[in-house]
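Reading the structure
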Amino acid sequence: MKFLKTDLAPGLYFVGVPIGTARDITLRALDTLAAADLLAAEDTRSLRRLMEIHGVPLNGRKVIALHDHSGPSVQERLIAAVREGKSVAYASEAGMPLIADPGFELSRAAAEAGVMQTCAPGPSAVLTALALGGLPTDAFFFAGFLPNSKSARIAALEKLRDVPGTLVFYESPKRLGAMLRDAATALGAGRKAAMCRELTKKFEEIQRDTLENLAETYQGQSPKGEVVVLIDRSRSESVNHLDLETDLQRALKEMSMRDAVDLVAQAHGLPRRQVYQAALALGKG
């Protein structure tokens, strides 16, 4: 038997599940899924399939859907079950619950209700990407998904410019090229970055380069699978004139002189007057 059928104390159990390869699940996660009185999942089909792969029977238990479109009544039902003395296990579609996942609202509701909650930890796309991306891991900032619109995305990136750690983002394959282009504009074309795709799966891919080169690589492309983007911390003290000119040229193609100068000055941590003079020199050239 791959799992142990044990009695679980009443409470809410967050269960980490694989981000790709099914065998990455932990033994404790299997034990929890086998023993919980009630199961809940972001994607009920994927949880059923995972349990089927590992031979964990449902034994008549229903799997309750809890996702972004679920109403508060679902959370209330799960919390009520715990108060009635039942054990409730929740799993996201992939990876660790609560990380860019609707499980956060359930956790907050459980905390407010004063019921026991714990976690059977498992794989995380954030940590897996950091292990493989080749960028510093001593400090990092997980920013989740960026906004869809260009202006909002650039504004969000600007706020992260001076974070003293590696930036980590989830991104849709359809928006990858646009996101990398905007990151190059807002943060600096020469910043090192890594595109991590289909982690732990058969076609796992890691591409490491500058933001500018990655943006060119994925311009007009929509690679398949889940994507994590890593971007190095600001190292503006080492920015050379070529980097400055490249960023100015890119920004001037998409915005006015004033906005381009403001953006590039912020990205490089330079006085606005210095960047303005560089922009004027480019125009004369």
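Everything numeric here is computed off the predicted structure, so don't read it as measured data. For every chain, the first residue of the written sequence is number 1, and numbering continues from 1 along that sequence. Side-chain atom pairs in this predicted model are given and counted only at pLDDT of 80 or more, local residue features only at pLDDT of at least 70, and totals for whole chains, interfaces and linings cover all residues. The basis for the side-chain values is all heavy atoms of the structure; hydrogens and waters are excluded.

Remarks on unusual backbone geometry
Residues other than glycine seldom take positive phi values, yet N59 does so here, at roughly 50 degrees. Runs of E in the DSSP output that reach at least two residues are strands. Runs of H or I that reach at least four are helices, and both are numbered from the N terminus. The residue N59 is located in the loop between α2 (44–53) and β3 (63–65) in this model. Backbone geometry places E198, a non-glycine residue, at a positive phi of 55 degrees. Only protein chains enter the accessibility calculation, which uses a 1.4 Å probe; a residue is then buried when its area is under 20% of its type maximum, exposed when over 50%, and partly exposed in between. With a relative accessible area of 15%, E198 lands in the buried category.

Structural notes on the nonpolar core
In terms of nonpolar packing, the biggest core is built from 25 residues, with F169, L180, L187, L211, V229 and I231 touching the most fellow members. Per element, the largest residue contribution to this core is 7 residues, and it comes from helix α7 (residues 176–187). Only heavy atoms matter for contacts: two residues are in contact if any of them lie within 4.5 Å across the pair. When neighbours within four sequence positions are excluded, L211 is seen to be in contact with L180, A183, A184, L187, G188, A189, R191, A193 and I231. Counting 18 residues, the second largest nonpolar core, distinct from the first, contains L33, A34, A41 and L50. Nonpolar cores are built from buried Ala, Val, Leu, Ile, Met, Phe, Trp, Tyr and Cys residues. Side-chain atoms within 4.5 Å join them into one set.

So, the UniProt feature "domain: RsmI HTH" (unreviewed entry) in the protein chain
According to UniProt, the positions carrying the feature "domain: RsmI HTH" (unreviewed entry) are residues 243–282. Annotated as 82% helix and 0% strand, the span residues 243–282 places its first and last C-alpha atoms 13 Å apart. UniProt positions are given in the numbering used here, feature names are shortened, and annotations may be inferred rather than shown by experiment.

Remarks on the pattern of salt bridges
For this document, the term salt bridge refers to a Lys or Arg side-chain nitrogen within 4 Å of an Asp or Glu carboxyl oxygen. In total, this model carries 14 salt bridges according to the counting rule given. Across the pair R49 and E52 runs a salt bridge whose closest N-O atoms are separated by 3.3 Å. In this pair, R49 and E52 both sit in helix α2, 3 residues apart, roughly one turn of the helix. Salt bridges linked by common partners bring K150, R153, R181, D182 and E254 together as one network.

Side note on the pairing of strand β4 (residues 87–91)
Counting buried positions along β4 gives 5 out of 5 residues, so the element sits mostly inside the fold. Direction of pairing for strand β1 (residues 11–15) relative to β4: parallel, over a ladder of 5 bridges. Looking at the pairing, L12 lines up with V88 of β4. Relative to β4, strand β2 (residues 38–41) runs parallel, the two sharing 4 bridges. Pairing of L39 across the sheet is with A89, part of β4. Strands were regarded as paired on the criterion that DSSP finds at least two bridges between them.

Focus: helix α6 (residues 150–159)
Taken together, the buried positions of α6 are R153, I154 and L157. What you see down the axis of α6 is that its buried residues fit within an arc of 95 degrees, all on one side. Structural note: α6 exposes S151 and K159 on the side pointing more than 90 degrees away from its buried face. Packing partners of the buried residues in α6 comprise β7 (166–171), α7 and α10 (257–268). To obtain the arc, one takes the directions from the helix axis to the C-beta atoms.

Some remarks on the sheet that holds β1
Ordered by their spatial adjacency, 5 strands build an open sheet running β3-β2-β4-β1-β5, and the pairing between neighbours is parallel. Each edge of the sheet is formed by a strand with only one pairing partner; in this case those strands are β3 and β5 (117–120). Averaged over all adjacent pairs, the angle separating strand axes in this sheet is 25 degrees, with direction ignored. Relative to β3, β2 is paired through 3 bridges, and the arrangement is parallel. Along β3, the bridge assignment pairs A41 with A65. Together, β1, β4 and β5 form the strand contacts of helix α4 (residues 103–113), whose direction differs from that of β1 by roughly 155 degrees. Axis lines are fitted to C-alpha atoms, over the contacting stretch for helices. Their N-to-C directions set the angle, which ranges from 0 to 180 degrees.

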